[in-house]
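Residues per chain, in single letters:
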Amino acid sequence: VERIQIGNCYPFIDENKEEVYKEVELIAERKKLQSEMEMFARQNNEEEIDWNNTEQQKWYLYICYSKCEIRINWHIADGTPNTIYFTSEEIAQKALDKFGDRIRELYLKEEQ
């Protein structure tokens, strides 16, 4: 019960076993994509993201669920946990070009 409460295991019974397996696989694929995008940002950003610098634009990808599409936007402050930030719109576009299909598959498949 403690592991279930902290989200460290996924309980199933025979009736929902396949559903739970699919959910766990989806979570694992999303985490893998997140790691690959983080590495891409580290390898391609021209400088460190500095949240104290309000002059620096921090670009990111986001999903517009109402339009079922991935868009690019930017912040200068107030980052969001688990969001990958890029130092330019061009690098964000490269990330979208590289990872867009997988993002659609893992996050928008059910929406379409």
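Source: prediction; values computed, not measured.

Parameters and conventions
Residues numbered from 1 in each chain as written. Predicted model: local features only at pLDDT ≥ 70, side-chain atom pairs only at ≥ 80, totals over all residues. Heavy atoms only, no water. Helix = DSSP H or I, 4+ residues; strand = E, 2+ residues; numbered from the N terminus. Expected span 1.5 Å × (residues − 1). Bend = angle between axes of the 7 residues up to and from the residue. Buried < 20%, exposed > 50% of the residue type's maximum accessible area, 1.4 Å probe, protein only. 1 Å grid on protein atoms, 1.4 Å probe; cavity = no way out; pocket = protein on both sides within 12 Å on 5 of 7 lines; lining within 4 Å. Points joined across faces, edges and corners; volume = space filled by probe spheres on them. Nonpolar A, V, L, I, M, F, W, Y, C, P; charged D, E, K, R; others polar. Core = buried A, V, L, I, M, F, W, Y, C linked by side-chain atoms within 4.5 Å. Axes fitted to C-alpha atoms, helices over the stretch in contact; angles between N-to-C directions. Parallel < 35°, antiparallel > 145°, perpendicular 65-115°, else oblique. Contact = heavy atoms within 4.5 Å. Pairing = 2+ DSSP bridges.

Caption draft 1: Main features of helix α3 (residues 89–108). An ideal rise of 1.5 Å per residue puts 28 Å on 20 residues; α3 reaches only 23 Å between its terminal C-alpha atoms. Along α3, the largest kink reaches about 60 degrees and is centred on Phe99. Those residues of α3 lying buried are Ile91, Ala92, Ala95, Leu96, Phe99, Gly100, Ile103, Leu106 and Leu108.

Caption draft 2: Examining the layout of surface pockets more closely. A volume near 310 Å³ is recorded for the largest pocket. Looking at the largest pocket, it is lined by 16 residues, and the ones nearest its centre are Gln34, Met37, Leu61, Asn82 and Tyr107. The set of elements that each furnish at least two residues to the lining of the largest pocket consists of α2 (17–44), β1 (58–64) and α3. Counting residues per element, the lining of the largest pocket draws most heavily on α2, which supplies four residues. In terms of residue class, the lining of the largest pocket is built from twelve nonpolar, three polar and one charged. Counted as a void, the second largest pocket has a volume near 240 Å³. Together, Glu38, Ala41, Arg42, Asn45, Glu47, Glu48, Ile49, Trp51, Thr83, Ile84 and Tyr85 line the second largest pocket. Per-class residue counts for the lining of the second largest pocket are five nonpolar, two polar and four charged.

Caption draft 3: Representation of the nonpolar core within the structure. Ranked by internal contacts, the top residues of the largest apolar core, which has 17 residues, are Met37, Leu61, Phe86, Phe99 and Ile103. Among the elements that make up this core, the one with the highest residue count is α3 (eight residues).

Caption draft 4: The arrangement of unusual backbone geometry in detail. Even without being a glycine, Cys68 presents a positive backbone phi close to 55 degrees. Along the polypeptide, Cys68 turns up in the loop between β1 and β2 (69–75). You can call Cys68 partly exposed: its relative accessible area is 28%. Despite not being glycine, Asp78 shows a phi value in the positive range, around 60 degrees. When you line up the elements, Asp78 lands in the loop between β2 and α3.

Caption draft 5: The packing of α2 against α3, seen in detail. Closest axis-to-axis distance for the α2/α3 pair is 11 Å, and the angle between their directions is 180 degrees. With respect to their mutual orientation, α2 and α3 come out roughly antiparallel. Listed contacts from α3 to Leu26, Glu29, Arg30, Lys32, Leu33, Glu36, Met37, Phe40 and Asn44 of α2 are Ile91, Lys94, Ala95, Lys98, Phe99, Arg102, Ile103, Leu106 and Tyr107. The residue inventory of the contact of α2 with α3, partitioned by class, reads ten nonpolar, one polar and seven charged.

Caption draft 6: Up close: the pairing of β1. Of all seven residues making up β1, five are buried, and the element is well covered by its neighbours. Taken together, the seven bridges between β1 and β2 define a ladder with antiparallel strand orientation. Within β2, the position partnered with Tyr60 by the bridge is Asn73. In textbook terms, the turn of a hairpin is the stretch between consecutive antiparallel strands, and for β1 and β2 this stretch comprises four residues, one of which, Cys68, has a positive phi near 55 degrees.

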